[in-house]
Amino acid sequence: MITAERKNFDEIRRMTDGAQKLLVVGCNTCVAVCLTGGEKEAEILASQLRLARKQDGIGGSVETVTVLRQCENEYLDSISEQVQKADLVLSTACSIGPQGLVFRYPTKAVVPAMNTNMMGYVKEHHVWTEYCVACGFCIIAFTGGICPIARCAKTLLNGPCGGSQGGRCEISPDVPCAWQEIYDRLAALGQLDMLKRILGPKKWNASNSGGPRTMKMEGFKP
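These numbers come from a predicted model, not from an experiment.

### Observations regarding the overall build of the protein
Step number 1: The helix and strand tally for the protein stands at eight helices and seven strands.
Step number 2: The C-alpha radius of gyration of the protein comes to 22 Å, more than 25% above the 17 Å expected for a compact globule of 222 residues.
Step number 3: Along the three orthogonal principal directions, the C-alpha set of the protein runs to about 65 × 45 × 25 Å.
Step number 4: Within the protein, buried positions represent 36% of all 222 residues.

### Brief notes about the pattern of salt bridges
Step number 1: The full count for this structure, using the stated rule, is nine salt bridges.
Step number 2: In this structure, Arg69 and Glu72 form a salt bridge, with 2.7 Å as the shortest nitrogen-oxygen distance.
Step number 3: The salt bridge partner of Asp77 is Arg104, with a shortest N-O separation of 2.7 Å. A residue pair is termed long-range when its members are at least 10 positions apart, and Asp77 in helix H4 (residues 73–77) and Arg104 in helix H6 (residues 96–104) qualify at 27 residues.
Step number 4: The partly exposed category is assigned to Arg104, whose relative accessible area is 33%.
Step number 5: Linked through salt bridges whose partners overlap, the residues forming this network are Arg13, Asp17 and Asp56.

### Topic: empty space enclosed by the protein
Step number 1: Scanning the model with the defined rule gives one cavity of 30 Å³ or more in all.
Step number 2: Of the voids in this model, the largest cavity is the one considered here, and its volume is about 110 Å³.
Step number 3: Taken together, 13 residues form the lining of the largest cavity, with Cys152, Ala153, Cys161, Cys169 and Cys177 sitting closest to its centre.

### Considering the environment of Asp174
Step number 1: Positionally, Asp174 belongs in the loop between helix H7 (148–151) and helix H8 (178–189).
Step number 2: The exposed category is assigned to Asp174, whose relative accessible area is 66%.
Step number 3: As a C-alpha pair, Asp174 and Val65 span 109 residues in sequence and 39 Å in three-dimensional space.

### A short note on the side chain of Ser91
Step number 1: Residue position: Ser91 is located in strand S4 (residues 88–91).
Step number 2: Look at Ser91 and you get buried, because its relative accessible area is 0%.
Step number 3: A distance of 2.7 Å separates the side chain of Ser91 from the side chain of Gln70, its partner in a polar contact.
Step number 4: Ignoring any residue separated from it by four or fewer positions in sequence, one finds Ser91 in contact with Val25, Gln70, Gly97, Pro98, Leu101, Val111, Pro112, Ala113 and Met114.

### Regarding the pairing of strand S7 (residues 127–132)
Step number 1: Pairing of strand S6 (residues 114–124) with S7 involves five bridges; the strand directions are antiparallel. Looking at S7, one finds that Glu124 is bridged to Val127.

### Notes on the packing of aromatic side chains
Centre distance and the angle of the planes are the two values used to describe a pair of aromatic rings.
Step number 1: Across all of its chains, the model carries one aromatic pair by this definition.
Step number 2: Lying over the aromatic face of Trp204, Lys202 brings its terminal NZ or CZ to 5.6 Å of the ring centre.

### Examining the sheet that holds strand S5 (residues 109–112)
Step number 1: Spatially, S3-S2-S4-S5 is the arrangement adopted by the four strands of the open sheet, whose pairing is parallel. On the outer flanks of this sheet lie strand S3 (61–67) and S5, each paired with one strand and no other. Each neighbouring strand pair of the sheet contributes to a mean axis angle of 25 degrees, computed without reference to strand direction.
Step number 2: As judged from the four bridges shared by strand S2 (residues 21–27) and S4, these two strands associate in the parallel manner. Within S4, the position partnered with Leu23 by the bridge is Val89.
Step number 3: Together, S2, S4 and S5 form the strand contacts of helix H1 (residues 9–16), whose direction differs from that of S4 by roughly 160 degrees.

Scoring rules and cut-offs
- Residues numbered from 1 in each chain as written.
- Predicted model: local features only at pLDDT ≥ 70, side-chain atom pairs only at ≥ 80, totals over all residues.
- Heavy atoms only, no water.
- Helix = DSSP H or I, 4+ residues; strand = E, 2+ residues; numbered from the N terminus.
- Rg over C-alpha atoms; globule rule 2.2 N^0.38 Å.
- Buried < 20%, exposed > 50% of the residue type's maximum accessible area, 1.4 Å probe, protein only.
- Salt bridge = Lys/Arg side-chain N within 4 Å of Asp/Glu carboxyl O.
- 1 Å grid on protein atoms, 1.4 Å probe; cavity = no way out; pocket = protein on both sides within 12 Å on 5 of 7 lines; lining within 4 Å.
- Points joined across faces, edges and corners; volume = space filled by probe spheres on them.
- Polar contact = N/O pair within 3.5 Å; in protein donor to acceptor, adjacent residues only side chain to side chain.
- Contact = heavy atoms within 4.5 Å.
- Pairing = 2+ DSSP bridges.
- Phe/Tyr/Trp six-rings, centres within 6.5 Å; stacked < 30°, edge-to-face > 60°.
- Lys NZ or Arg CZ within 6 Å of the ring centre and 35° of its normal.
- Axes fitted to C-alpha atoms, helices over the stretch in contact; angles between N-to-C directions.

Here you go:
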C-alpha cells in the first residue's frame, strides 16, 4: 500500500489561509488504512483548520468530503458539486490524489495536505516497512522473494557491501541487512546456488528514472 504522512499544520495553514471557501477531500483507501488521510483524519484536519482560522479572525468556510479513492475519475466526479463551490481544495490523499483532482478539475486550485513516503508492507500493527520502489523490473525471483532495490540501503544486486554487522545494516542497528535476509531465505529454501547467478546492470529505464510511466491494459472497455 502507499503510505503518506500529514504535513506540518503550520505548512498547511500557509497554503490554505488565503482561501475563503476551503474543501478538505479525504481518501478512504491507503491513507485511511495508515490512519493519516481517511475520512476521520480529513474531518479532524478540517476541525483544526476551522478553530485556527476562527482564532485568527479568518472568515470563510472549511468543508470536508471523502471519496473511496482519489486516484479514479469516477470517485472524483462524485464530488464535482463540492469542488466547484470551493476556492481551494486540500487533499489528504497520497500525491496521486491532488494530481488527479488537478487533472479532473483543471481550473481549480489544489494543494496537498500530505507527504507521500513509500509503498509499504504492514509488518506489524501500525508499522509499515518499504518493500517496493516500483522500479519496473522485478528481480525477487532470484533473491528469495526479498527486494534488494527497496530493502538494501545501497541497492546492491549481487551480495552485501561488507558494512553490515550481526545481520544489521551499517546505516542503523534497527535496519536488517537485506542481503543477510536473502541469504537466510535462500538457505532455508535450499537454493543457495541462486547466489552464484550474477545479475547484470539494472534496467533503470523501466523505473521512474526513465520518465513518467503509463500502463495500459489492451482489450478492455470502460
